[in-house]
Amino acid sequence: MDVNHPRFPEYKEKFEELAFLADQVEKPEPALDQCRYYLCLYGENGMEPHEEFEFLHKMEDHLADLKKIVVETGYWQDTVLFVP
């Protein structure tokens, strides 16, 4: 979601709530594009905001399987939530 979108603070709060509950991994298994659901906190998810909220709600239904990975480069960091 665009960080300038009016609902971004709400999205970020819900995302971080789920990230706190997720198991952190070093490498996603399977690859993220093969996962049932995945969302980036700051990255472009290629969805409309309402779709991103729908994905967050779907992830809540899979808390036992929810994982997160923190992606870091020299100039940015992002968190990705996913359900394998």
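Scroll up a little and you will see the structure.
Starting from 1, residues in each chain are numbered consecutively following that chain's sequence as written. Per-residue local features of the predicted model are confined to residues with pLDDT of at least 70, and side-chain atom pairs are confined, for both listing and counting, to 80 or more; whole-chain, interface and lining totals are unaffected and use all residues. Note that water and hydrogens are dropped before the side-chain values are worked out from all heavy atoms of the structure.

**Q** I tried to follow the overall build of the protein chain on my own but got confused; where do I start?
**A** A helix here means a DSSP run of H or I that spans at least four residues, while a strand means a run of E at least two residues long, and both kinds are numbered starting from the N terminus. If you tally the helices and strands in the protein chain, you get two helices and four strands. Secondary structure elements of the protein chain occur, N-terminal to C-terminal, as α-β-β-α-β-β. Both definitions apply: the radius of gyration is a C-alpha atom measure, and the globule rule equals 2.2 Å times residues to the power 0.38. For a compact globule of 84 residues, the expected C-alpha radius of gyration is about 12 Å, and the protein chain comes in at 12 Å, within 12% of that figure. Seen through its C-alpha atoms, the protein chain measures out along the principal axes to roughly 35 × 35 × 20 Å.

**Q** Sorry, what's going on with the sheet that holds strand β2 (residues 37-40) here?
**A** Pairing between the strands of a sheet comes from backbone hydrogen bonds, and it takes one of two forms, parallel or antiparallel. By the convention used here, strands pair only if DSSP detects at least 2 bridges between them. Strand order in the open sheet formed by four strands is β1-β3-β4-β2, with mixed pairing between adjacent strands. The open sheet is flanked by β1 (23-24) and β2, the only strands paired with a single partner. Bridging between β2 and strand β4 (residues 77-83) involves four bridges; their strand directions are antiparallel. From the neighbouring strand, cysteine 40 faces β4, where its bridge partner is valine 80. Its contacts with the sheet place helix α1 (residues 8-21) against β1, β2, β3 (67-72) and β4, and it is angled at close to 65° to β4. Contacts are assigned to residue pairs with any non-hydrogen atoms lying within 4.5 Å of each other. Here an axis means a line fitted to C-alpha atoms, over the contact stretch when the element is a helix, while the angle between two N-to-C directions is reported on a 0 to 180 degree scale.

**Q** Can you help me understand the packing of α1 against helix α2 (residues 49-60) in this one?
**A** The geometry of a pair of packed helices is captured by two quantities: the angle between their axes and the separation between those axes. For the pair α1 and α2, interaxial distance at closest approach is 11 Å and the crossing angle is 20°. By the angle between their axes, α1 is roughly parallel relative to α2. By crossing handedness, the relation of α1 to α2 is classed as left-handed. Residues Glu10, Tyr11, Lys14, Phe15, Glu17 and Leu18 of α1 form the contact with α2, whose own contacting residues are Glu52, Phe53, Leu56, Met59 and Glu60. Note on angle classes: values under 35 degrees are labelled roughly parallel, values over 145 roughly antiparallel, values of 65 to 115 roughly perpendicular, and the remainder oblique. Crossing handedness is read from the near helix: turned anticlockwise from the far helix by less than a right angle, it gives a left-handed crossing, and turned clockwise, a right-handed one.

None of this, on its own, says anything about what the molecule does.
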